[in-house]
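Understanding the architecture of this molecule
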Amino acid sequence: MGYAIETENLSKEFPSGFLNLKKKTSLEGLSMQVENGEVFGFIGPNGAGKSTTIKLLMGLIFPTAGTARILGKPVSDTAMHRDVGYLPEQPYFYDYLTAAEVLDYFARIHDLKVGDRQERVQKMLKKVGLETAGKIQLRKYSKGMLQRVGVAQAILHDPKLVILDEPMSGLDPLGRREVRDIILELKREGKTVMFSTHILSDAEMLCDRIGVIVGGKLRGVGAPGQIVDIKARGMEILFEMKGSSSAPLLKNAMQTGDRYRLHVEENELYPAIEQLRGAGARILSLSQVKETLEDFFLHLVATDRAQAAAVEVSEK
Amino acid sequence: MKTGISKPWLLVLVVPLGFAGIWRLQHKIDEQQAALSQEQDIVVLQSPRLAKLMSLEYAPLMADVYWTRVVQYYGNKHIKQETNLDSLWPLLNITTTLDPNLLVAYRFGAMFLSQRRPTGAGRPDLAVELIQRGIKANPDYWRLYQDLGFVYYYDLKDYKKASEAFLEGSKKPGSQLWMKVMAAKIAEEGESFSTSVFLWRDLYENTQDPLLKNNALTHLQLLQVQLDCAQLNQLAEVHEKKYGKRPARMSDLVQAGILRGLPQDPAGYPYVFAEDGKADLNLNSPLLEKRLLMERVQQGAAKH
Amino acid sequence: MKRIWIVALNTFREAVRDRVLYSMVFFAFLMMAAAVVVGQISIGIEDVVIVSLGLSAISVIGLLIAVFIGVGLVSKEMDKRTLYALLAKPVKRWEFLLGKFGGLLVTLAMNTLAMAAGLFLAMLYVKHSLHAADLVVLVAVYFIWLKLALVVALALLFSCYTTPLLSILFTAGLYVVGLYVLELRDMPLDAMKPGTAAFVKAFSYLLPNFQNYDVMALAAHGRVVPGSLILSNTLYTIVYCTIVLSVAAVVFSRRNLK
């Protein structure tokens, strides 16, 4: 059985510097596979090489080394694009057209028949929440609306594989939820989805597997919880207290009116709670304080510098 | 790097084949356009007023354009046909209408409108008209009178008018002294060898235009040939008197001590004696062809 | 094949919705009106003046469109990244290129026809009647369109590998050079070494020669343009455009989109 996406030693160098004499490596020796039917997240900080990888897959730029295959075919085969949907980073479309016209244009390119086309276009507009704005020229659209058009054109032709480059960027929480729902729906329909993001929580929620890329190199592939071993750094207590108190803990807390936030180490949790109870505080919530993803990445880079081996965890 | 059009070899085929086609097509189009442009010019040439109106304040510039055409046509060796000479007058007409101060155009007309075909258009009357227009627009330029006098003298053989022209010109500022002398000489003698030589030499030395200069030079050379042949004929008669027969070749004259060395024409080719015993140009000399083109010179020789 | 047509139609639609285009056409019509006025002044040759001025206007406007919009065909899509989504679809890069080319050609055809119509109206006004001989003006306009096609092809080629500004400069520069190709041949070749002279001469035949399309004097005087020239120029344009577009296709196919 083949893979949906497969790369082998994929590398990309860009000429840079004065007179383009130097070379900047933005991707080095990427070898990975995406299984059919899974949702794969491509995680990494900005400039790590996520977009570069995706552009290489879509044939927008050409590798300096290595190969890549989509649905078993080489990436240079444009006919294969029939089964692939792509959302570019910060999409932009012909601003003199309306959303309906853009989708219709793309539908024609995809060789959809007339009746089918109209139906599809309307369905897509509805799906991304743009059915009322369908007749307005794109030059009047906000960034979020453009992002939705982008998603629409990516799934318009019912592709087997959908590749999304930063699909959540520019969207408000409602929009993000809609995109998340679309991705889950695609998964239910048996499609393969690959998307890139630097927001870990999105990946954790949606992906079967994630691949971590930092500094142009793949750091590890595996199930979300396993691959990112983010250490908890303690607990945060949110409590309410009226009036003042002499409890020593309060000194370390952040105060906003009657509400306080206090950060304690895990082993100090229960003593702290006792102290607060004694002081007459009302505990509102308890949550884990996690290392941020950025901290994690920096940590990786540092480990890299110390020349540790790459993290490879067993598959899901 | 595999790409969308993975056939760069297609290029290796298309580019050379394509340019081969372009080569052929371009030649074809050149021919077609050349044929058309002759037609085009005839049409445009039909109205000097038209040309002037169209160019308005760019008239002198357009005059230059037409002037370039004149030089091109006249200098162009392959297309030197009857039609070109027909176009000479209209072209000069328009040029001088557009820019009456383009003096070289009048001088050009004087020489090439008046001379017989195929060297010139053979229309001395038009040459006179042209120069008179030039005089009207530039009344103090004495050389125009020289040119006018020249046409009357050389082509129209009207010595009275020639003399009058030279006289008139001699009164203009900057004119050379010989103008007055020439007026008197022509009035008295009509056509003469020395007058012709003088006038051609003056033209040769005082014009910058290469076509005019060349033409003057040729005339001077042919006049020289006339002189040389006449002198050689005289020497041949001396030989006859001395030895009872005319010399068969030039070397006979040298052997007889009458000549010091083999005489050469201005082009550097040795003179020969023709079948009729008269001295003449060598068959290889380029001056022979030039003389054929200017038969008038032979007629002039008869007079002299 | 069909995809080329789809891209072409979209390009045409873009041009039609681009307000700049209308102002240019409007300007051209203004010129026609001016021609009528000028024609009143020069008695006896109004028709010549109008045809000359009109054809010149059509040529100049057409060239402006061909160069500026021609260069923008690819550059705009690359700058604005509209190209990304499109190339991710099952359309080949050369199909995209040909579609853009075709779209602009159709636009130019509509434009020049519209302006030609304006010219014919002006001619009618001035001459009070038109004859069959006046159809030569249509041939002159056709030649202008052929010339524009070649200019668009060149603009496309340059915009595939260099910046918009340089593309405009190169295209305009090549056009000017192409007007003086014949003069290149008349250069004092004897002054050069025989090798250089032969090269210059050969080169002058291969450069795009825009004088080929000039029949303005004929058109102004109602003379006939021979069919052989019409055929030759058409073939010349087709062959040259094929060369240029092939090179453009290969260049574009290897280009990394930033």
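Residues numbered from 1 in each chain as written. Chains lettered and ligands numbered in written order. Predicted model: local features only at pLDDT ≥ 70, side-chain atom pairs only at ≥ 80, totals over all residues.

Glancing now at the overall build of chain A. Counting its secondary structure elements, chain A contains nine helices and 14 strands. Expressed as a percentage of the 316 residues in chain A, the buried residues total 37%. In chain A, 71% of the contacts between residues at least 6 apart in sequence involve partners at least 24 apart. (Helix = DSSP H or I, 4+ residues; strand = E, 2+ residues; numbered from the N terminus. Buried ≥ 20, exposed ≤ 12 C-beta atoms within 10 Å, placed from the backbone. Contact = placed C-beta atoms within 7 Å.)

Here we come to the overall build of chain B. Scanning chain B from N- to C-terminus turns up 14 helices and two strands. For chain B, the residues scored as buried account for 31% of the 304 residues in total. Sequence-distant contacts in chain B: of pairs separated by 6 or more residues, those separated by 24 or more amount to 49%.

As a further point, take the pairing of strand β4 (residues 65–70) of chain A. Moving residue by residue along a regular strand, the side chains alternate between the two faces of the sheet. All names here are of chain A. Looking at chain direction, strand β1 (residues 5–16) and β4 are connected through five bridges and run antiparallel. Counted as the bridge partner of Ser11 is Ala65 from β4. Here β4 pairs with strand β5 (residues 73–74) via two bridges, running antiparallel. Within the sheet, the bridge partner assigned to Ile70 lies in β5 and is Lys73. Between β4 and β5, which pair antiparallel and follow one another directly, the connecting turn spans two residues, one of which, Leu71, has a positive phi of 50 degrees. (Pairing = 2+ DSSP bridges.)

Our focus in this paragraph is the packing of helix α2 (residues 99–109) of chain A against helix α4 (residues 143–155) of chain A. Helices that pack against each other are described as a pair by the angle of their axes relative to one another and the distance between those axes. Residues and elements named next belong to chain A. The geometry of α2 relative to α4 is characterised by a closest axis approach of 10 Å and an angle of 25 degrees between their N-to-C directions. In terms of axis orientation, α2 runs roughly parallel to α4. Read as a crossing pair, α2 and α4 show a hand that is right-handed. Contacts between α2 and α4 involve Ala99, Val102, Leu103 and Phe106 on the former and, on the latter, Val149, Ala152 and Gln153. A class-by-class count of the residues in the contact of α2 with α4 yields six nonpolar, one polar and no charged. (Axes fitted to C-alpha atoms, helices over the stretch in contact; angles between N-to-C directions. Parallel < 35°, antiparallel > 145°, perpendicular 65-115°, else oblique. Left-handed = near helix turned anticlockwise from the far one by under 90°. Nonpolar A, V, L, I, M, F, W, Y, C, P; charged D, E, K, R; others polar.)

To continue, consider the pairing of strand β8 (residues 192–197) of chain A. Residues and elements named next belong to chain A. Burial runs high along β8: six of the six residues are buried. Here β8 shows no split at all, with Thr192, Met194 and Ser196 on one side and Val193, Phe195 and Thr197 on the other all buried. Summarising the sheet, strand β7 (residues 161–165) and β8 pair through five bridges and their orientation is parallel. In the sheet register, Asp165 faces β8, and the bridge partner there is Ser196. With helix α5 (residues 173–188) bridging β7 and the parallel β8, this β-α-β connection has right-handed handedness. (Right-handed = clockwise from strand over helix to strand, strands pointing away.)

Another aspect to go through is the sheet that holds strand β6 (residues 84–87) of chain A. Residues and elements named next belong to chain A. With mixed pairing, six strands are arranged side by side in an open sheet as β6-β7-β8-β3-β9-β10. Of all the strands in the sheet, just β6 and β10 (217–222) have a single pairing partner and so form its edges. In this sheet, adjacent strand axes meet at a mean angle of 15 degrees when their direction is disregarded. Its contacts with the sheet place helix α1 (residues 50–57) against β3 (39–43), β7, β8 and β9 (209–214), and it is angled at close to 145 degrees to β7. Packed onto the sheet, α5 meets β3, β7 and β8 and runs at close to 150 degrees relative to β8.

So, on to the packing of helix α10 (residues 193–206) of chain B against helix α11 (residues 210–243) of chain B. Residues and elements named next belong to chain B. Viewed as axis vectors pointing N to C, α10 and α11 meet at an angle of 150 degrees, and their least axial separation amounts to 8 Å. Taken together, the axes of α10 and α11 are roughly antiparallel relative to one another. Between α10 and α11 lies a crossing of left-handed hand. Taking contact as the criterion, the partners of Ser196, Val197, Trp200, Arg201, Leu203 and Tyr204 in α10 are, on α11, Lys213, Ala216, Leu217, His219, Leu220 and Leu223. Among the residues forming the contact of α10 with α11, the class breakdown is eight nonpolar, two polar and two charged.

Let us look at the sheet that holds β4 of chain A. Spatial ordering of the open sheet is given by β2-β1-β4-β5 (chain A), a layout of four strands whose pairing is antiparallel. Each end of this open sheet is capped by a strand with a single partner; those strands are β2 (22–34) and β5 of chain A.

As a further point, take the environment of Pro263 of chain B. Residue and element names in this part refer to chain B. Here Pro263 is to be found in the loop between α12 (250–255) and β1 (272–273). With 17 C-beta atoms counted inside 10 Å, the residue Pro263 sits in the partly exposed group. Measuring from C-alpha to C-alpha, the distance between Pro263 and Leu232 comes to 8.9 Å, with 31 residues separating the pair along the chain. Apart from the residues within four sequence positions on either side, Pro263 is in contact with Asp228, Leu232, Met250, Pro270 and Tyr271.

Attention shifts here to unusual backbone geometry. Note: most residues except glycine have negative phi, and most peptide bonds are trans. Residues and elements named next belong to chain A. Positive phi, close to 50 degrees, is recorded for Leu71, a residue that is not glycine. By the element assignment, Leu71 lies in the loop between β4 and β5. The class of Leu71 is partly exposed, set by 19 C-beta atoms lying within 10 Å. With a phi angle near 55 degrees, Asp158 is a residue other than glycine that sits in the positive phi range. Mapped onto the elements of the fold, Asp158 is located in the loop between α4 and β7. Residue class for Asp158 comes out partly exposed when judged on the 13 C-beta atoms lying within 10 Å of it.

This paragraph deals with the environment of Trp142 of chain B. Residue and element names in this part refer to chain B. Mapping Trp142 onto the fold places it in helix α7 (residues 142–156). Trp142 sits in the partly exposed class, given 19 other C-beta atoms within 10 Å. For the pair Trp142 and Gly174, spaced 32 residues apart in the sequence, the C-alpha separation amounts to 7.2 Å.

What follows is about the confidence of the model for chain B. Predicted coordinates in areas of low pLDDT are best not read in detail. Residues and elements named next belong to chain B. A residue-level look at chain B finds 80% of positions with pLDDT of 70 or above and a mean pLDDT of 79. Taken as a whole, residues 1–5 scores under 50 in pLDDT and shows 19 contacts with residues more than four places along the chain or in a different chain. This model gives residues 296–304 a pLDDT under 50, and the stretch forms eight contacts once residues within four places in sequence are excluded. For this predicted complex, the interface score ipTM comes out at 0.80, while the overall pTM is 0.66. (pLDDT = per-residue confidence, 0-100.)

Now for the confidence of the model for chain A. Residues and elements named next belong to chain A. Looking at chain A, the pLDDT average stands at 82 and 89% of residues meet or exceed 70. No element of chain A has a lower mean pLDDT than helix α9 (residues 293–305), at 66, and none a higher one than β7, at 93. Note that residues 308–316 has pLDDT below 50 and, in this model, 15 contacts with residues that lie over four places away or in other chains.

Residues and elements named next belong to chain B. With 34 residues, α11 extends 48 Å between its outermost C-alpha atoms, agreeing within 8% with the 50 Å of an ideal straight helix rising 1.5 Å per residue. Burial in α11 covers these residues: Asn215, Ala216, Thr218, His219, Leu222, Leu223, Val225, Leu232 and Ala236. Looking one or two residues beyond α11, the residue adopting positive phi is Gly244, at roughly 80 degrees. (Expected span 1.5 Å × (residues − 1).)

Turning to the nonpolar core, a few remarks are in order. It is characteristic of soluble globular proteins that their nonpolar side chains tend to be buried jointly. In terms of nonpolar packing, the biggest core is built from 151 residues, with Val102 and Leu103 of chain A together with Ile58, Val152, Ala153 and Leu156 of chain C touching the most fellow members. Formed by 53 residues, the second largest nonpolar core is a distinct cluster that contains Val128, Leu148, Tyr153 and Met179 of chain B. (Core = buried A, V, L, I, M, F, W, Y, C linked by C-beta atoms within 7 Å.)

Attention now goes to the environment of Ala279 of chain B. All names here are of chain B. Mapped onto the elements of the fold, Ala279 is located in strand β2 (residues 279–280). Residues Ala279 and Cys229, 50 residues apart in the sequence, show an inter-C-alpha distance of 5.2 Å. Dropping the residues within four chain positions of it, Ala279 is found in contact with Cys229, Leu232, Asn233, Ala236, Tyr271 and Phe273.

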